[in-house]
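# A look at the structure
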Amino acid sequence: MNKSYLNTLLTGAFLCLFTVISAKAQDVVIPVETKDNALVLQVTPDKLLNMVYFGSKLTDKNEYGSIAKMYNFSGTIGSYNNAYTSSGTRNLLEPAIAVTHADGNKSLDLKYVNHTVTKINDDVSLLSIKLKDSVYDFEVTLNYQTYYNEDVTEQWSVITHHEKKDVVLNKYASANLCIKAGGYWLKHYHGDWAQEMQPEEEALNHGIKTIDSKLGTRADLFEPPVFMVSLNKPAGEDEGEVMYGNLEWSGNFRIDFEVDPANNLRLIAGINNFAADYVLKPGVEFTTPKFVYTLSNKGKGEASRNLQSWARNYKIVDGNGPRLTLLNNWESTYFDFNEPKLAGLLKDTKKLGVDMFLLDDGWFGNKYPRNGDHAGLGDWQVNKAKLPNDIAYLVKEAKANDVKFGIWIEPEMVNPKSELYEKHPDWVIKQPQRPELYMRNQLVLDLTNPKVQDFVFGVVDDLFTKNPELAYIKWDCNSIIFNAYSAYEKNQSNFYTDYVFALYKVLDRVRAKYPKVPLMLCSGGGGRVDYGVLKYFTEYWPSDDTEPVERIFIQWENSYFYPALTSSNHVTDWGKQPIKFRVDVAMMGKLGFDIVIGKLKPDELAFCQNAVATYKQFSDEIWHGDQYRLQNPRENDVASIMYVNPAKTSAIMFNYLVSTRYHAGSSAIKLKGLNPDKMYTISELNVFPGRRSTIAEANYSGKFLMTVGVNPDVRDGRASVLIAVKETK
Ligand code: DGJ
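Residues numbered from 1 in each chain as written. Predicted model: local features only at pLDDT ≥ 70, side-chain atom pairs only at ≥ 80, totals over all residues. Heavy atoms only, no water.

### A word on the overall build of the chain
Short version of the rule: Numbering of helices and strands runs from the N terminus; a helix is a DSSP stretch of H or I covering at least four residues, while a strand is a stretch of E covering at least two. Here the radius of gyration uses the C-alpha set of atoms, whereas the globule reference equals 2.2 Å times the residue count to the power 0.38. Burial classification: accessible surface area is computed with a 1.4 Å probe over protein chains only, and a residue below 20% of its type maximum counts as buried, one above 50% as exposed, and the rest as partly exposed. Per-residue accessibility takes into account occlusion by the displayed protein chains alone, with areas from the Shrake-Rupley method and a 1.4 Å probe. Positive: Lys, Arg. Negative: Asp, Glu. His and the chain ends are not part of the count. Charge placement uses NZ in Lys and CZ in Arg. For Asp and Glu, CG and CD serve respectively.
Each helix and strand counted, the chain has 14 helices and 39 strands in total. The C-alpha radius of gyration computed for the chain amounts to 27 Å, which stays within 12% of the reference 27 Å derived for 729 residues, consistent with globular compactness. For the chain, with 729 residues in total, the buried portion stands at 64%. Taken as a whole, the chain presents about 26700 Å² of accessible surface, with 51% of it coming from carbon and sulfur. Between the centroid of the 81 positive side chains of the chain and the centroid of its 89 negative side chains there is a distance of 2 Å.

### Some remarks on the pattern of salt bridges
Stated formally: One speaks of a salt bridge when a side-chain nitrogen belonging to Lys or Arg is within 4 Å of a carboxyl oxygen belonging to Asp or Glu.
Considering all chains together, one arrives at 47 salt bridges under this definition. Taking the shortest distance from any N to any O, the salt bridge between Asp 36 and Lys 35 comes out at 3.6 Å. Using a relative accessible area of 25% as the deciding quantity, one classes Asp 36 as partly exposed. Residue classification places Lys 35 among the partly exposed residues on the basis of a relative accessible area of 36%. Among the ionic pairs, Asp 713 bridges to Arg 718, the shortest N-O distance being 3.4 Å. Look at Asp 713 and you get buried, because its relative accessible area is 19%. Taking the relative accessible area as the measure of exposure, Arg 718 reaches 8% and is therefore buried. A single salt-bridge network, built from bridges that share partners, covers Glu 94, Lys 171, Arg 254 and Asp 256.

### Looking at the packing of aromatic side chains
To be explicit about the condition: A pair of aromatic rings is counted whenever rings of Phe, Tyr or Trp (Trp by its six-membered ring) have centres within 6.5 Å, and the orientation is called stacked for planes under 30 degrees apart, edge-to-face for over 60 and tilted otherwise.
The final tally for this structure, using the stated rule, is 42 aromatic pairs. Centroid distance Phe 227 to Phe 257: 4.9 Å. Interplanar angle 85 degrees. Geometry classified as edge-to-face. With Phe 227 in strand S17 (residues 226-231) and Phe 257 in strand S19 (residues 253-259), the pair connects residues that are 30 residues apart, well separated along the chain. In this structure, Phe 227 and Phe 257 share a single accessibility class: buried. Here Tyr 244 and Phe 561 contribute two aromatic rings whose centre-to-centre distance is 5.2 Å and whose plane-to-plane angle is 45 degrees, an arrangement assigned as tilted. Here Tyr 244 is found in strand S18 (residues 241-247), whereas its partner Phe 561 is found in the loop between helix H11 (548-559) and strand S32 (568-571), with 317 residues between them in sequence. Phe 561 shares its class with Tyr 244; the two are buried. Linked through ring pairs, Tyr 147, Tyr 189, Tyr 244, Trp 310, Tyr 314, Tyr 531, Tyr 540, Tyr 560, Phe 561 and Tyr 562 together constitute an aromatic cluster.

### Remarks on the site of the ligand
Spelled out, the test is: For each residue, the test is whether any non-hydrogen atom lies within 4 Å of the molecule or strand; if one does, the residue is near. Polar contacts, as used here, are pairs of N or O atoms within 3.5 Å; protein pairs need one atom able to donate a hydrogen and one able to accept it. Residues neighboring in sequence count only if both atoms are side-chain atoms. Under the grouping applied here, Gly and all other residues not named as nonpolar or charged are polar, the nonpolar ones being Ala, Val, Leu, Ile, Met, Phe, Trp, Tyr, Cys and Pro and the charged ones Asp, Glu, Lys and Arg.
Neighbouring the ligand are 13 residues, the closest being Asp 360, Asp 361, Lys 474, Asp 476 and Asp 544. Asp 360 has a polar side-chain atom sitting 2.7 Å from an oxygen atom of the ligand. In the model, a nitrogen atom of the ligand is placed 2.7 Å from a nitrogen or oxygen of the Asp 476 side chain. Burial of the ligand by the protein amounts to 97% of the accessible area it has alone, namely 290 Å². Of the residues belonging to the shell around the ligand, the class tally is 4 nonpolar, 3 polar and 6 charged.

### Some thoughts on the nonpolar core
Counted only if it meets this: Take the buried residues of types Ala, Val, Leu, Ile, Met, Phe, Trp, Tyr and Cys, join any two whose side-chain atoms come within 4.5 Å, and each joined set is a nonpolar core. An automatic or database domain assignment supplies the residue ranges for each domain.
Leu 41, Phe 138, Trp 363, Phe 405 and Phe 593 are the most contacted members of the largest nonpolar core, which totals 196 residues. Per element, the largest residue contribution to this core is 10 residues, and it comes from helix H9 (residues 495-513). Of the domains in this structure, domain 1 (3-315) and domain 2 (627-727) are the two that each give at least three residues to this core.

### Regarding the domain arrangement of the chain
The cut-off we apply is this: What makes two residues a contact is simply this: any of their non-hydrogen atoms within 4.5 Å. Reported buried area values correspond to the accessible surface (1.4 Å probe) lost by two parts on association, with both partners' losses combined.
Entries for the chain in the domain assignment read domain 1 (3-315) and domain 2 (627-727). Each of domain 1 and domain 2 has a C-alpha centre, and these two points are 40 Å apart. Listed by partner, the interface residues are 10 residues for domain 1 and 5 residues for domain 2. Between domain 1 and domain 2 lies a buried interface of about 590 Å² when both sides are counted; carbon and sulfur atoms form 32% of it. A salt bridge links Arg 629 to Glu 237, with the shortest nitrogen-to-oxygen separation between them at 3.1 Å.

### Notes on the pairing of strand S36 (residues 650-657)
Two faces make up the sheet, and in a regular strand the side chains alternate between them. What counts is decided by this rule: Two strands make a pair as long as DSSP finds a minimum of two bridges between them.
Within S36, 8 of the 8 residues are buried, leaving the element largely enclosed by the surrounding structure. Covered by surrounding structure in S36 are Ser 650, Ile 652, Phe 654 and Tyr 656 together with Ala 651, Met 653, Asn 655 and Leu 657, the residues of both alternating faces. When S36 meets strand S39 (residues 720-727), the two strands line up antiparallel, connected through 7 bridges. The residue bridging Ile 652 from the neighbouring strand is Ala 724, located in S39.

### Let's talk about the sheet that holds strand S34 (residues 626-631)
Let me state the cut-off plainly: Orientation is described by axes fitted as lines to C-alpha atoms, over the contacting stretch for helices, and by angles from 0 to 180 degrees between their N-to-C directions.
Strand order in the open sheet made by the 6 strands is S34-S35-S36-S39-S37-S38, with antiparallel pairing throughout. Here the strands that pair on one side only, and so sit at the sheet edges, are S34 and strand S38 (698-701). Across the sheet, the axes of successive neighbouring strands diverge by a mean angle of 25 degrees, strand direction being ignored. Two strands pair when backbone bridges link them, and S34 and strand S35 (residues 638-644) are joined in this way by 5 bridges, in the antiparallel orientation. Counted as the bridge partner of Asp 626 is Val 644 from S35.

### Observations regarding the sheet that holds strand S29 (residues 472-475)
The strand order across the open sheet formed by 8 strands is S31-S30-S29-S26-S25-S24-S33-S32, and the pairing between neighbours is parallel. One side of each edge strand has no neighbouring strand; the edge strands of this open sheet are strand S31 (539-540) and S32. For S29 and strand S30 (residues 519-521), the ladder comprises 3 bridges, and the chain directions are parallel. Along S30, the bridge assignment pairs Trp 475 with Leu 521. Of the strands in this sheet, strand S24 (326-328), strand S25 (356-359), strand S26 (404-409) and strand S33 (590-593) touch helix H5 (residues 339-352), which is tilted by about 145 degrees from S25.

### Some remarks on unusual backbone geometry
Within the chain, Ala 194 stands out as a residue other than glycine whose phi angle is a positive 65 degrees. Turning to its location among the elements, Ala 194 is positioned in the loop between strand S14 (184-190) and strand S15 (198-203). Positive phi values are uncommon outside glycine, yet Asn 441 reaches one of about 60 degrees. Note on placement: Asn 441 falls in the loop between helix H7 (419-423) and strand S28 (443-444).

### Here's the deal with the packing of helix H12 (residues 579-586) against helix H13 (residues 602-624)
Formally: Oblique is the label for any angle not under 35 degrees, not over 145, and not in the 65 to 115 range, which are roughly parallel, roughly antiparallel and roughly perpendicular in turn. Each crossing gets its handedness from the near helix: less than a right angle anticlockwise from the far helix is left-handed, clockwise is right-handed.
Packing of H12 against H13 leaves a shortest axis separation of 10 Å and a crossing angle of 15 degrees. With respect to their mutual orientation, H12 and H13 come out roughly parallel. Note on packing geometry: the crossing formed by H12 with H13 is right-handed. The residues of H13 that touch H12, namely those facing Ile 579, Lys 580, Val 583 and Asp 584, are Glu 604, Phe 607, Cys 608 and Ala 611. For the contact of H12 with H13, a count of residues per class yields 5 nonpolar, no polar and 3 charged.

As structure tokens, this is what we get:
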């Protein structure tokens, strides 16, 4: 065996409970292994930490030390594969970190010091690598937390210094990856209100492609911080190598994809440094948000199942628990309601058979009643004209109808026409010397101010204290931040970053007191969806666009990154599709309704009631099962997706017509994820009253269903078809 192999010190997350490794630097090779993959870091003789590999695991761990010499990471001006590229010294490509030291010097050269591996449990390990500058008392710890079975890694950095005065962080990324492949295809998203998650896929060429946000809050209105990169060729659903990433940050983010002169993909993900130089005091630790990623060599389907099971097991609140079906009143009443009207809606909630009634915007404000979106936001006192008997009455009425009660809030925001604005103009984000700018007639509160944090926490706490049986909150956030300026912050350039930390601080307090209560994350539609904030929520609102054909596309793209039980899908009156189609589309995630139940014809109501019952029968498959995308709506007349329970004994298949062409329809669609040796019974679900199914109930082997497939007979007149797949008894 080559002597250098013997000298190579291999330390993977699999090795030890807690180990500090400080060996001869040139001997250190650090593989970060998960079930199928390895990310390999290596220390050079001059103590630079490089990333040398990201791909399928090798059988012989000793061979990780031989990878670097096979690859070309260098060009005329040095190596490009630093694991956390510093700025102002040797590396002149895009940096992960740039600083201005206390003395004004802007150079940084981070060198490896040591690393530790902590085994948190059988699945989770944390690798921490300490880097230090040789001239300045400035250090960074890189953290890689692996989730072995899920093939997922979360990466973040902790930055600190002991210089004589403050240091300014000009850039402070969470992660800096270097990936070697024969080509890179980036799929990313753009959008706007009611047009979220519009995908674009492109080959990455030399130079830098950046996706980012500078909106402050509602930060992913135009671009969300999720993406996928296919390696070597665009990945398919079940083949090809593909990486998914999400910056767990609910504010300005920046993700750079740089194809360097040696053809590597350098990926740098973190808080956006736009107008956000961060002033860091000596001795204080700055912890960046986490960047979560997964890699699959079996295509987009496996990558999304990795991320979804990680999210259910480790990230979202109650990921393995149930969800509440609901009736919401936003589109059925808007701001126009009163007690008798709501009492009627509570009865409708029961009639429909869903678990909860959700009261939306418009229940508060007295001096400036919230009768439209121009006034009252910030005044969280019940509007006495609409609700003379307070929220308590509605909670009581809900109980009498045997349903739960939930409520909408938007606690980070204020209308200028409000008592809150009159009392606390200094709590509002605005430029003191410039005219105010509004989005939806409102401004954002300055959460960096601890008094504002107390106020926002108080809005939630007050509701739960006064109404202990309140079952659910929808937390909205409709405005971006114009005129970024805080009357509280000493360093204005810390503001954008501190705003998000402050939001998380408030949500931490909410969760400390109310650990499990379901919260829906809404942001004028899907303007704020990422794993940084989903950690506090049970579900999110993907878009205000509930036209069901559009929704298929939005829900489809979200499904790559987020589990179905987090996607709040409401049946509304948007568009011209019949009720069956609208309900069938909403059922592929977390089912809710926002229609006037009283306007449904008897057969429509009966259909909805049966659909709710069917949803309850299959909710375990949808919420906690494995998701398989069968036919992409962008490439086929018919979109098809299925969910299989872990035991592979029960599955549900959703099929939707997305083309209006004359002969558009389905043929056989191959199922996935079943047991080839089991027999399954196929039958149609959600058949509209008075209609006959064209799918004869029959038994097939799993092998048949996955090789030949099943034709759901989707066509004009049968535009949505749901199929039950049950192990034959
Ligand atoms: C925007 C949300 O996306 C809607 O669902 C609704 O809650 C309104 N805000 C209420 O103002």
